[in-house]
Amino acid sequence: MYVVNKIKNKYKLVDKDDLKNISGFKMTSYNKSITVASTKVSNIEITNKKLAHPLVYKKVCKKYNKLIAILTELLISDDDGGESFREALNQIERFKVEIKSRYREYLKQKELEFMSKQLKALQKEATMRLIELNNDYLIKNTRKGK
């Protein structure tokens with residue numbers, strides 16, 4: 001439930017460009033606008049990190065769980081060419097970049113370390129299997145050449 005209080009502001013906004021320079025977590029909605037007290041609000045940006053943390057954590061956890069599910073499927077699959085392992089490594093790297101660029105300042109260090117440890121283990125597994133496939137491929141090709 002949301003409560004909207006109308007409070008008179010003592011300060012006046014001198015420069016409207018100051019509002020554009022405020023950085024925060026942008027909330028998205030399915031309808032692209034939310035109605036609060038018969039006023040449509042389309043862009044909500046949370047600047048307080050304590051308020052943004054639960055929202056960001058929930059969003060990142062959903063993405064992280066999806067990624068883990070995809071990675072386990074890719075690592076379990078029997079692919080002779082190693083395409084699934086390359087795709088797994090790409091997915092891991094993409095997730096890491098997204099976390100660094102968008103969500104790092106809103107998450108706690110423990111949460112980031114937990115996710116990075118598990119992703120490093122999966123990344124190591126994928127690289128080891130990819131190296132094994134490449135070695136097997138090279139051994140088979142050198143034997144055929146003799």
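Before reading on, note that the structure itself is shown above.
Residues numbered from 1 in each chain as written. Predicted model: local features only at pLDDT ≥ 70, side-chain atom pairs only at ≥ 80, totals over all residues. Heavy atoms only, no water.

A. A look at the overall build of the protein chain. When its secondary structure is counted, the protein chain shows four helices and four strands. Taken from N to C terminus, the helices and strands of the protein chain fall in the order α-β-β-β-β-α-α-α. For the protein chain, long-range pairs separated by at least 24 residues make up 68% of all intrachain contacts whose partners lie at least 6 apart in sequence. Counting every atom, the protein chain has about 12400 Å² of accessible surface; 54% of that belongs to carbon and sulfur. (Helix = DSSP H or I, 4+ residues; strand = E, 2+ residues; numbered from the N terminus. Contact = heavy atoms within 4.5 Å. Areas by Shrake-Rupley, 256 points an atom, 1.4 Å probe, with all protein chains shown as cover.)

B. Structural view of the nonpolar core. Ranked by internal contacts, the top residues of the largest apolar core, which has 25 residues, are Val56, Val60, Leu71, Phe95, Tyr103, Leu107 and Leu119. Elements supplying a minimum of two residues to this core: helix 2 (49-76), helix 3 (83-103) and helix 4 (109-145). A per-element tally of this core places helix 2 first, with eight residues. Leaving out residues up to four positions away in the same chain, Val60 has contacts with Phe95, Ile99, Tyr103, Leu107 and Met115. (Core = buried A, V, L, I, M, F, W, Y, C linked by side-chain atoms within 4.5 Å. Buried < 20%, exposed > 50% of the residue type's maximum accessible area, 1.4 Å probe, protein only.)

C. Region of interest: the packing of helix 2 against helix 3. With their axes 9 Å apart at the nearest point, helix 2 and helix 3 run at an angle of 170° to one another. By the angle between their directions, the pair helix 2 and helix 3 is classed as roughly antiparallel. Counted together, Val56, Lys59, Val60, Lys63, Tyr64, Leu67, Leu71, Leu74 and Leu75 of helix 2 and Ser84, Phe85, Glu87, Ala88, Gln91, Ile92, Phe95, Glu98, Ile99, Arg102 and Tyr103 of helix 3 form the full contact between these two elements. (Axes fitted to C-alpha atoms, helices over the stretch in contact; angles between N-to-C directions. Parallel < 35°, antiparallel > 145°, perpendicular 65-115°, else oblique.)

D. Examining the packing of aromatic side chains more closely. Scanning the model with the defined rule gives one aromatic pair in all. Judged by centre distance (6.0 Å) and plane angle (40°), the rings of Tyr64 and Phe95 are tilted. One end of the pair, Tyr64, is in helix 2; the other, Phe95, is in helix 3, with 31 residues separating them in the sequence. For Tyr64, a relative accessible area of 6% corresponds to the buried category. (Phe/Tyr/Trp six-rings, centres within 6.5 Å; stacked < 30°, edge-to-face > 60°.)

E. Representation of the pattern of salt bridges within the structure. Following the criterion strictly, the structure yields four salt bridges and no others. A salt bridge links Glu98 to Lys63; the nearest nitrogen and oxygen atoms lie 2.4 Å apart. Placement of the pair is Glu98 in helix 3 and Lys63 in helix 2, with a sequence separation of 35 residues. Assessed through its relative accessible area of 27%, Lys63 is described here as partly exposed. Between Arg86 and Glu83 there is a salt bridge, and its shortest N-O distance comes to 3.4 Å. Note that Arg86 and Glu83 are positioned in helix 3 at a spacing of three residues, about one turn of the helix. Judged by its relative accessible area of 52%, Glu83 falls in the exposed class. Counted as one network, the salt bridges with shared partners bring together Lys63, Glu98 and Arg102. (Salt bridge = Lys/Arg side-chain N within 4 Å of Asp/Glu carboxyl O.)

F. Structural view of helix 3. Between its first and last C-alpha atoms helix 3 spans 29 Å; for 21 residues at 1.5 Å apiece the expected length is 30 Å, and the two agree. Within helix 3 the residues assigned to the buried category are Ser84, Phe85, Ala88, Leu89, Gln91, Ile92, Phe95, Ile99 and Tyr103. All buried residues of helix 3 fall inside an arc of 160° around its axis, so they share one side. Turned more than 90 degrees away from the buried face of helix 3, the exposed residues are Glu83, Arg94, Lys100, Ser101 and Arg102. (Expected span 1.5 Å × (residues − 1). Arc of directions from axis to C-beta.)

G. Highlighting the environment of Thr142. Within the secondary structure, Thr142 sits in helix 4. On the basis of relative accessible area, Thr142 is assigned to the partly exposed category, the value being 48%.

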